[in-house]
Amino acid sequence: MNMLNKHIKGEDILVKIKTKSDVGFWQYQLLGLLSLFMEKSNNYFIITDKRILVSIKENIKVNFIYKDFSEIKFNTKTDLLSFVNEDNQIEKISLSNLKLEYDDYQFLKNKLN
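In short, a report on the structure. A quick note: this is a predicted structure, and the numbers were derived from the prediction, not measured.

1. A look at the packing of aromatic side chains
Next, step 1: Inspection of every chain in the model, using the stated rule, returns three aromatic pairs.
Next, step 2: Taken together, a centroid distance of 5.9 Å and an interplanar angle of 45 degrees make the contact between Phe64 and Phe83 tilted. Here the residue Phe64 occupies a position in strand β4 (residues 59–65), and Phe83 occupies one in strand β6 (residues 80–84), the gap between them amounting to 19 residues.
Next, step 3: Since its relative accessible area comes to 1%, Phe83 is described here as buried.

2. Quick word on the nonpolar core
Next, step 1: Grouped together as the largest cluster of nonpolar side chains are 20 residues, with contacts concentrated most on Phe45, Ile52, Leu81, Leu95 and Leu108.
Next, step 2: Listed by contribution, the elements that provide at least two residues to this core are β1 (13–20), β2 (42–48), β3 (51–56), β6 and α4 (102–112).
Next, step 3: Discounting residues that sit within four places of it in the chain, Phe45 has contacts with Val15, Lys16, Ile17, Ile52, Leu53, Val54, Leu81, Leu95, Leu98 and Leu108.

3. Focus on the side chain of Arg51
Next, step 1: Within the fold, Arg51 resides in strand β3.
Next, step 2: Residue classification places Arg51 among the buried residues on the basis of a relative accessible area of 15%.
Next, step 3: Among the polar contacts made by the side chain of Arg51, one reaches the side chain of Glu11 at a distance of 3.0 Å.
Next, step 4: Within the local environment of Arg51, its side chain forms a polar contact with the side chain of Asn63, the two groups lying 3.0 Å apart.
Next, step 5: Excluding residues that lie within four positions of it along the chain, Arg51 makes contacts with His7, Ile8, Glu11, Ile46, Asn63, Phe64, Ile65 and Tyr66.

Parameters at a glance
- Residues numbered from 1 in each chain as written.
- Predicted model: local features only at pLDDT ≥ 70, side-chain atom pairs only at ≥ 80, totals over all residues.
- Heavy atoms only, no water.
- Phe/Tyr/Trp six-rings, centres within 6.5 Å; stacked < 30°, edge-to-face > 60°.
- Helix = DSSP H or I, 4+ residues; strand = E, 2+ residues; numbered from the N terminus.
- Buried < 20%, exposed > 50% of the residue type's maximum accessible area, 1.4 Å probe, protein only.
- Core = buried A, V, L, I, M, F, W, Y, C linked by side-chain atoms within 4.5 Å.
- Contact = heavy atoms within 4.5 Å.
- Polar contact = N/O pair within 3.5 Å; in protein donor to acceptor, adjacent residues only side chain to side chain.

Structure follows, in structure tokens:
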């Protein structure tokens, strides 16, 4: 989360979702059941008053600046988030890597649509 704080310093967080990262196949093969109890990293989806950030396994995958919060739309069937960027172009981001749960979908649907 420290890495994310550098990018969002001084910005208001409007939406924040935190999910657990999955245990990888090789990690499970090498460490067995012990890998299920080890500390896992978290995935984050954050919308501030200026930007959209997606962090997967402590790496920032998406860092886009958007124009208007009211124009951000989320399609729950396809896991696509669409918004207008600062160049007035429509951008789409897939959130399928976050492994959202039912409550996360409901939260996003209420906040964004």
